[in-house]
Amino acid sequence: MADTILSVRDLSTRFFTEEGQVNAVESVSFDVEDGEIFGIVGESGSGKSVTALSVIDLIESPGRVTQGEIWYRNADLAEEFRGSKPDAVDGDLVDIRRLPEGVRRSLRGPSFSMVFQDPMSSFNPSITVGEQIAEAVEVQRRARSNPRSTRSRTQGYGLASLIRDSLLPSKSYVDDESMDRAVELLDQVGIPDPEDRAEEYPHQFSGGMLQRAMIAQALAGEPDVLIADEPTTALDVTIQAQILNLLRDLQEQEGMSILMITHDLGVIARMCDRVGVMYAGEVVERGPLADIFENPVHPYTQGMLGSIPDVDDPSGRLEPISGNVPSLLDSEMPDACYFADRCPKAMTDCLTRIPEYELDGRHSVRCVLAEQEFDPSDAVDSVDGAEAADPEVSADD
Ligand SMILES: Nc1ncnc2c1ncn2[C@@H]1O[C@H](COP(=O)(O)OP(=O)(O)OP(=O)(O)O)[C@@H](O)[C@H]1O
Ligand code: NI
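Note that the structure is predicted; figures quoted are calculated from it, not measured. (Residues numbered from 1 in each chain as written. Chains lettered and ligands numbered in written order. Predicted model: local features only at pLDDT ≥ 70, side-chain atom pairs only at ≥ 80, totals over all residues.)

1. Examining the overall build of the chain
Phase 1 of the analysis: Looking only at helices and strands, the chain features 16 helices and 13 strands.
Phase 2 of the analysis: Within the span of the chain, comprising 397 residues, buried residues form 47% of the whole.
Phase 3 of the analysis: In the chain, the share of contacts with a sequence separation of at least 24, taken over all contacts with a separation of at least 6, comes to 67%. (Helix = DSSP H or I, 4+ residues; strand = E, 2+ residues; numbered from the N terminus. Buried ≥ 20, exposed ≤ 12 C-beta atoms within 10 Å, placed from the backbone. Contact = placed C-beta atoms within 7 Å.)

What follows is the structure in structure tokens.
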């Protein structure tokens, strides 16, 4: 079994707004294994992007990660902090939330990197694409040889709105070696004539080509985990497929892991090894792709899957399930299952907060149905019978 590169435990992120406290991410747990693509899927506003930004430590005021652990496997960091921060180290894993801010920041690039939906906003319009990628290469190289002197420059590296703030004036200062590496990266992401394209400006690139360039920039630090937040949503269908294939090829070549965030079940079906389904800030079900698609237990997952006729259709979008999208304002959140008022199977047991039930160590569900279907006393009988709901449950349908 593959090792875990990232293990998120009980992560909560809130926004303290004038309207009140927004519980955007609530006690979320999931693991990303070496070399896998882990998908997070859910409808708009379910907390997917906030989860990703929390992992990469980019939540800004009025938001804050309020709880949880983010264990990252890195033997060097573990060694460095084993003595001074024993609570933050467990074997080769470090809880990055407990590391000093400068260290957390220095992980952006060589440990975690991110690709967004909108490549145009990630590039400075007045600097050539090649130079911007070379800059990322250079920052990473310096960070590697002397972490402390370059921390401030790595801040905001490669990250949409933040990158503009950290960019230096639009004159060339990158060295030839970095530029060569940038051209190599452009080639690696399938940009034809990379040497010429490197000298062009972002507006000279098509959306798909610019998305490739953003991926090249994200690869500059050779990250362990690439976080891709709706990387193809803004692109037309043919280009979407090309970018997804590229991501998968790169994942295999580089042996990196990908955290894929999308509301598109077609993308999940096509790309992911395992998946977490988010609803109202919680992961309501997670497990291997086949378990989730063929044996979903949570009625939200079932409804979501029922809403697309063909999971092989890459254009399959999440259809809204009837009922209201829940408010995430703390004062309006019920002391009950957040899905209960939209759930076709709701019952009295749902009027309490629901824990995560582990079904078989791989598949977990935040739903009381899981408890009933997987009662330990008859677990053996019901393992392959998740469809065969408890009679009392079906009577409530
Ligand atoms: N800066 C902010 N201030 C207040 N609330 C925020 C802020 N950023 C996000 N939220 C809230 O957090 C919740 C989750 O947002 P998030 O962007 O993670 O959703 P998402 O699942 O990525 O949706 P989408 O598919 O639309 O991108 C939303 O209800 C949103 O209103
Ligand atoms: Ni999002």
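The structure having been displayed, the exposition proceeds.
2. Digging into the site of ligand 1
Phase 1 of the analysis: Among the 15 residues in the neighbourhood of ligand 1, the closest are listed as Ala24, Ser44, Lys48, Ser49 and Val50.
Phase 2 of the analysis: Among the elements of the structure, strand S1 (4-17), strand S2 (20-33) and helix H1 (48-55) are those that each provide at least two residues to the shell around ligand 1.
Phase 3 of the analysis: Top contributing element to the shell around ligand 1 by residue count: H1, with three residues.
Phase 4 of the analysis: Taken together, the residues that form the shell around ligand 1 break down as five nonpolar, nine polar and one charged. (Near = placed C-beta within 6 Å. Nonpolar A, V, L, I, M, F, W, Y, C, P; charged D, E, K, R; others polar.)

3. Observations concerning helix H7 (residues 176-188)
Phase 1 of the analysis: Helix length check: H7, at 13 residues, gives a terminal C-alpha distance of 18 Å against a target of 18 Å (1.5 Å per residue), a fit within 8%.
Phase 2 of the analysis: Along H7, the residues that are buried comprise Ser178, Met179, Arg181, Ala182, Val183, Leu185 and Leu186.
Phase 3 of the analysis: Against the buried residues of H7 lie helix H4 (129-145), helix H8 (194-197) and helix H9 (207-219).
Phase 4 of the analysis: Phi for Gly190, located one or two positions after H7, is positive at around 80°. (Expected span 1.5 Å × (residues − 1).)

4. Observations concerning the pairing of strand S11 (residues 282-288)
Moving residue by residue along a regular strand, the side chains alternate between the two faces of the sheet.
Phase 1 of the analysis: Of all the seven residues making up S11, six are buried; the element is thus mostly covered by neighbouring parts of the structure.
Phase 2 of the analysis: As paired elements, strand S10 (residues 274-279) and S11 share six bridges and run antiparallel to each other. Of the residues in S11, the one forming a bridge with Tyr279 is Glu282.
Phase 3 of the analysis: Once S10 ends, the chain turns through two residues before running back antiparallel as S11, passing Ala280 with a positive phi of about 50°.
Phase 4 of the analysis: Taken together, the two bridges between S11 and strand S13 (residues 364-365) define a ladder with antiparallel strand orientation. Bridge pairing links Glu285 to Val365 in S13. (Pairing = 2+ DSSP bridges.)

5. Quick notes on the sheet that holds strand S4 (residues 63-73)
Phase 1 of the analysis: The antiparallel open sheet is built from five strands, whose spatial order is S2-S1-S4-S6-S5. Because the sheet does not close on itself, it has two edges, and the strands there are S2 and strand S5 (89-90).
Phase 2 of the analysis: Where S1 lies against S2, ten bridges are found, and the strand directions are antiparallel. Note that in S2 the partner of Ser7 across the bridge is Asp31.
Phase 3 of the analysis: Packed onto the sheet, H1 meets S1, S2 and S4 and runs at close to 70° relative to S2.
Phase 4 of the analysis: Of the strands in this sheet, S5 and strand S6 (93-95) touch helix H2 (residues 75-82), which is tilted by about 65° from S6. (Axes fitted to C-alpha atoms, helices over the stretch in contact; angles between N-to-C directions.)

6. Considerations on the sheet that holds strand S12 (residues 357-358)
Phase 1 of the analysis: Read from one edge to the other, the open sheet built from eight strands follows the order S7-S8-S9-S3-S10-S11-S13-S12, with strand pairing classed as mixed. Taken across any chain shown, the strands that pair with only one partner, and hence form the sheet edges, are strand S7 (112-115) and S12.
Phase 2 of the analysis: Two elements, S12 and S13, share two bridges in a ladder whose sense is antiparallel. Bridging across to S13, Glu358 finds its partner in Ser364.
Phase 3 of the analysis: Seen against the sheet, helix H13 (residues 299-306) touches S10 and S11 and runs at an angle of roughly 105° to S10.

7. Describing the environment of Gly276
Phase 1 of the analysis: By secondary structure assignment, the location of Gly276 is in strand S10.
Phase 2 of the analysis: Overall, Gly276 belongs to the buried group, with 27 C-beta atoms counted inside 10 Å.
Phase 3 of the analysis: Residues Gly276 and Ile239, spaced 37 residues apart in sequence, show a C-alpha to C-alpha distance of 25 Å.
Phase 4 of the analysis: What Gly276 contacts, discounting residues up to four positions off in sequence, is Phe30, Ile40, Val283 and Arg286.

8. Points about the environment of Leu305
Phase 1 of the analysis: In this structure, Leu305 sits in helix H13.
Phase 2 of the analysis: Taking the C-beta count within 10 Å as the criterion, Leu305 has 18 such neighbours and is therefore assigned partly exposed.
Phase 3 of the analysis: Taking the C-alpha atoms as reference points, Leu305 and Ile292, separated by 13 residues in sequence, lie 9.2 Å from one another.
Phase 4 of the analysis: Contact partners of Leu305, with chain neighbours within four places excluded, come to Phe293 and Pro296.

9. Examining the environment of His263
Phase 1 of the analysis: Along the chain, the position of His263 falls in the loop between strand S9 (257-262) and helix H11 (265-271).
Phase 2 of the analysis: Taking the C-beta count within 10 Å as the criterion, His263 has 20 such neighbours and is therefore assigned buried.
Phase 3 of the analysis: As a C-alpha pair, His263 and Lys48 span 215 residues in sequence and 8.9 Å in three-dimensional space.

10. What about the packing of H9 against helix H10 (residues 237-254)?
Phase 1 of the analysis: Look at H9 against H10: their axes get within 10 Å of each other, and the N-to-C directions meet at 20°. By the criterion of interaxial angle, the relationship of H9 to H10 is roughly parallel. The way H9 lies across H10 gives a crossing that is right-handed. Residue-level contacts link Gly207, Gly208, Gln211, Arg212, Ile215 and Leu219 of H9 to Ile239, Gln242, Ile243, Leu246 and Leu250 of H10.
Phase 2 of the analysis: Taken together, the residues of the contact of H9 with H10 sort by class into six nonpolar, four polar and one charged. (Parallel < 35°, antiparallel > 145°, perpendicular 65-115°, else oblique. Left-handed = near helix turned anticlockwise from the far one by under 90°.)

11. Focus on the pairing of S10
Phase 1 of the analysis: For S10, a buried count of six out of six residues is recorded, marking the element as mostly surrounded by other parts of the structure.
Phase 2 of the analysis: Burial along S10 is two-sided: the residues Arg274, Gly276 and Met278 and Val275, Val277 and Tyr279 are all buried.
Phase 3 of the analysis: Alignment of strand S3 (residues 37-41) against S10, held across four bridges, turns out to be parallel. Counted as the bridge partner of Gly39 is Val275 from S10.

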